[in-house]
Amino acid sequence: MPAAIAAARMGAKVLIVERNGYLGGNATMGLPWLGHLDRNGRQVIGGIAQEFNDKIKAEGQALGHSRCGLHNSVSICHPDWFKIIAFEYCRNENIDVLLHLESMETNVENGVLQTVTFYGKGNKVTVGATVFVDATGDGDVAYLSGCRYEKGHHNDGKLQPPSMLMSLIGVDEERLLDYLEAHPEQIAFNGSETACEEVMKAFREIGYQQDFTFEVQGFVRPYPQELQQPLIDFTSALGHWMLEEL
Ligand SMILES: Cc1cc2nc3c(=O)[nH]c(=O)nc-3n(C[C@H](O)[C@H](O)[C@H](O)COP(=O)(O)OP(=O)(O)OC[C@H]3O[C@@H](n4cnc5c(N)ncnc54)[C@H](O)[C@@H]3O)c2cc1C
């Protein structure tokens, strides 16, 4: 998004091609945005990222930047509002958008990318441009174009394991938070071994044998009520998916 917005503002004719039915990538997963502040609390990310933050906050759907011992800062934004604001940007900045199309082929001549071909829902679309920005997160277009790449740890090729999010619904939040405050020794901050063992034991009892690590980064009381439900809905959907996978 920021590359498209910046290019449009500089007068370029811009087209975003996206495999999902909305824009925003992982910013729409419900994750907190990390690292807007440095370890001393000084703002080090601004520009279009900050514009997004400001616009979502103006809708009452973001909390601004809070300092965090682990990530320097976390910025909670409602993921669905990111999608809405992203489409507003496209409309206001005259950015064209094609959704539900995934890059599958490229045409490179004399080392210069000429076209990218996208497939989706029975369609095949070939796009030519003077400049391509590969914002796939994984370098898909560069890979398809034959660029050299590295993947995983340089010693053994291992990848960082993905995080799994889940939440419980039907919880009396006030009682839970009171309890956790009264029993801090039972909260697993950043993967306390006891909590990991407990969770692992519970999963083994229902027949899940693979090893995994479990991390609770903390329970936060200050979410405003209007942000809680969307976050809970979102994470519970992931939780259902996770249970089905087991
Ligand atoms: C499990 C996990 C947890 C993370 N936790 C956090 C966190 O808590 N906070 C944080 O700040 N960062 C977190 N990160 C890192 C953060 O998600 C990434 O740094 C960030 O999303 C990268 O942004 P991006 O725009 O490059 O790619 P993405 O956000 O991945 O966006 C890529 C976009 O391109 C689209 N796309 C991909 N391939 C194609 C294709 N072939 N054709 C067409 N479209 C395509 C995707 O649908 C998506 O919209 C996490 C990452 C992961 C994987």
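Residues numbered from 1 in each chain as written. Predicted model: local features only at pLDDT ≥ 70, side-chain atom pairs only at ≥ 80, totals over all residues.

Chemist: Describe the overall build of the chain, and please don't skip the residues or the numbers.
Modeler: The number of helices and strands found in the chain is 7 helices and 8 strands. The 246 residues of the chain split such that 15% are buried. Across the chain, the fraction of contacts at a sequence separation of at least 24, relative to all contacts at a separation of at least 6, is 59%. (Helix = DSSP H or I, 4+ residues; strand = E, 2+ residues; numbered from the N terminus. Buried ≥ 20, exposed ≤ 12 C-beta atoms within 10 Å, placed from the backbone. Contact = placed C-beta atoms within 7 Å.)

Chemist: Which residues make up the confidence of the model for the chain, and what values do they have?
Modeler: For the chain, per-residue confidence averages 80 on the pLDDT scale, and 72% of positions sit at 70 or higher. The low-confidence segment residues 188-192 (pLDDT under 50) makes 12 contacts with residues lying over four places distant or belonging to another chain. (pLDDT = per-residue confidence, 0-100.)

Chemist: Can you break down the environment of Cys90 residue by residue, with the values?
Modeler: Inspection of the secondary structure assignment puts Cys90 in helix H3 (residues 79-92). Judged by local crowding, Cys90 falls into the partly exposed class, with 19 C-beta atoms found within 10 Å. With 74 residues separating them along the chain, Cys90 and Ile16 place their C-alpha atoms 9.1 Å apart. Once you skip the residues sitting within four places of it in the chain, Cys90 turns out to touch Ile95 and Val97.

Chemist: Describe the site of the ligand, and please don't skip the residues or the numbers.
Modeler: Surveying the vicinity of the ligand reveals 18 residues, the closest of which are Gly25, Asn26, Leu31, Thr136 and Gly137. Mapped onto the shell around the ligand, the elements with two or more residues apiece are strand E2 (33-34) and strand E6 (102-109). Residue composition of the shell around the ligand, by class: 7 nonpolar, 7 polar and 4 charged. (Near = placed C-beta within 6 Å. Nonpolar A, V, L, I, M, F, W, Y, C, P; charged D, E, K, R; others polar.)

Chemist: Can you explain unusual backbone geometry? Please cite residues and give values.
Modeler: Here Asn94, not a glycine, exhibits a phi torsion of approximately 60°, which is positive. Looking at the element boundaries, Asn94 is found in the loop between H3 and strand E5 (96-98). Its identity is not glycine, yet Asn110 carries a phi of approximately 50°, on the positive side. Position of Asn110 among the secondary structure elements: in the loop between E6 and strand E7 (112-120). What makes Asn110 exposed here is the crowd of 5 C-beta atoms within 10 Å.

Chemist: Describe the pairing of E6, and please don't skip the residues or the numbers.
Modeler: Bridge count for E6 against E7 is 7 bridges, and the pairing is antiparallel. What sits directly across from Ser103, in E7, is Phe118. Between the antiparallel neighbours E6 and E7 lie 2 residues, among them Asn110 with a positive phi of about 50°. (Pairing = 2+ DSSP bridges.)

Chemist: Can you tell me about the nonpolar core, naming the residues and giving the values?
Modeler: Among the nonpolar cores identified, the biggest contains 19 residues, and Met1, Ile56, Cys77, Phe82, Ile85 and Ala86 are the most heavily contacted of them. Those elements that provide at least two residues to this core are helix H1 (2-9), helix H2 (47-58), strand E3 (62-68), strand E4 (72-77) and H3. Broken down by element, this core gets its largest block of residues, 5 residues, from H3. Contact partners of Ile56, with chain neighbours within four places excluded, come to Gln61, Ala62, Cys77, His78, Trp81, Phe82 and Ile85. (Core = buried A, V, L, I, M, F, W, Y, C linked by C-beta atoms within 7 Å.)

Chemist: Pulling in residues and values, what's your account of the sheet that holds E7?
Modeler: Pairing in this open sheet of 3 strands is antiparallel, and the strands run E6-E7-E8 from one edge to the other. Strands at the two margins of the open sheet, each flanked by one partner only, are E6 and strand E8 (123-128). With strand direction ignored, the average angle separating the axes of adjacent strands in the sheet is 20°. (Axes fitted to C-alpha atoms, helices over the stretch in contact; angles between N-to-C directions.)

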